[in-house]
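In case you want the letters, here they are:
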Amino acid sequence: MDGNFPRNDFAGLDKSEWIARVMALADIEGAADRLGDAHFAAFIKSGPVLLVTFETVQGMRGLTEAQHPLGWHLSQRLGWSHLLLASDGDTWFRDADVYAYFDQLIDEGFFDDYETVVFYGAGPCAYAAATFSVSAPGSVVVAIQPQATLDPAVAEWDDRFAHMRRVDFSDRYGFAPDMIEAASRAYVIYDPAETLDAMHAALFTRPNVTKFRMRYMGDALQSHLLFMKRLFPLIQAAALDRLNTQSFARLYRARRNHLPYLRRLLSHLEASERPDLTAILCRNVTARYKAPRFARRLRAMKAQDE
């Protein structure tokens, strides 16, 4: 990828201009394709590792200051090639034009040109990453909070996405846990306290799947990993076959300095009526941060003991 790759000139564009800019740059560096009204693909060729990311236009425009696709940041840093599949809104990429695009990539042997292919996504995009990984057997999948399906016959218990009930999840590229079986290894990341996410994660139980639990992080794990600067190292470790229970634990130690996690942990300890651990946590946090909630809780506990 060109060292003159733009960094900050995407902010301030309206959505149509932003999409046009992304596709124009990809067309110069590789290729860009419209996939119907709600999707597009943007490919930038570089090194022998291919990162395939599924991202929403809204997410790309909101997650980073530069308003670039997440995959651009990582692939530029590591010299990887990058294929972006973008959706306007949460579509789960259930679209015949997207299916046809992957059919074409398979027919052309596109994925055969790369030593390693990594599929990545979060939430609805994690569903797509898992599902379309079947197009590159032997690939690696990193799926954060994936849905297995929204087919009411299977997941009627998930009431978060009622507007998707009429979308067919049973036809081609359908049930993500089945599609992921062609991967060499897959990683599913979720917070077990988020019941619906945990239920979907259970459906991904397969011999080639490793699950990592991010307790007390809630329902926006990608954002937390980005803030802690752990998302890109995690994807890189997965690509290099270095992601396991031990390496994930080392990466996840960053939560000890992440106030949203510490607040959730405090709420859990309070609800569990664990005063000794609550006091230890509050003393630890107030010694390192200006944290009014923890300080108030510590004062209240001291007052109760007097």
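Attention in this report is confined to the structure presented alongside it. (Residues numbered from 1 in each chain as written. Predicted model: local features only at pLDDT ≥ 70, side-chain atom pairs only at ≥ 80, totals over all residues. Heavy atoms only, no water.)

All right, on to the pattern of salt bridges then. Scanning all chains against the criterion turns up 10 salt bridges. Residues arginine 94 and aspartate 171 are paired through a salt bridge, measuring 2.5 Å at the closest nitrogen-oxygen approach. Taken as a pair, arginine 94 in the loop between β4 (81-87) and α4 (96-108) and aspartate 171 in the loop between α6 (152-155) and α7 (176-179) lie far apart in primary sequence, 77 residues in all. By relative accessible area, which is 36% here, aspartate 171 ends up partly exposed. A salt bridge links aspartate 241 to arginine 185; the shortest N-O distance between them is 3.3 Å. (Salt bridge = Lys/Arg side-chain N within 4 Å of Asp/Glu carboxyl O. Helix = DSSP H or I, 4+ residues; strand = E, 2+ residues; numbered from the N terminus. Buried < 20%, exposed > 50% of the residue type's maximum accessible area, 1.4 Å probe, protein only.)

The subject of this paragraph is the packing of aromatic side chains. Enumeration according to the criterion identifies 21 aromatic pairs in this entry. Measuring from centroid to centroid gives 6.4 Å for phenylalanine 54 and phenylalanine 119, while their planes differ by 20 degrees, and the two rings are stacked. Residue phenylalanine 54 is located in strand β3 (residues 49-56), and its partner phenylalanine 119 is located in strand β5 (residues 116-122); the two are separated by 65 residues in the primary sequence. Accessibility classification places phenylalanine 54 together with phenylalanine 119 in one group, the buried group. With centroids separated by 6.4 Å and ring planes inclined at 45 degrees, the aromatic side chains of tyrosine 216 and tyrosine 261 adopt a geometry described as tilted. One end of the pair, tyrosine 216, is in the loop between β8 (209-213) and α9 (221-227); the other, tyrosine 261, is in helix α12 (residues 259-271), and 45 residues separate them in sequence. Residue tyrosine 216 is classed as partly exposed on the basis of its relative accessible area, which comes to 23%. (Phe/Tyr/Trp six-rings, centres within 6.5 Å; stacked < 30°, edge-to-face > 60°.)

Another point: the pairing of strand β7 (residues 185-190). Counting buried residues along β7, 6 of its 6 residues qualify, which places the element largely inside the surrounding structure. Here β7 shows a buried face lined by Arg185, Tyr187 and Ile189 and a second buried face lined by Ala186, Val188 and Tyr190. As judged from the 5 bridges shared by strand β6 (residues 140-144) and β7, these two strands associate in the parallel manner. Across the sheet, the residue bridging to valine 140 is arginine 185, located in β7. Of the pairings in the sheet, the one linking β7 to β8 comprises 5 bridges and is parallel in character. Directly across from valine 188, in β8, lies its bridge partner lysine 211. Following the chain from β7 across helix α8 (residues 195-203) to the adjacent parallel β8, one finds a crossover that is right-handed. (Pairing = 2+ DSSP bridges. Right-handed = clockwise from strand over helix to strand, strands pointing away.)

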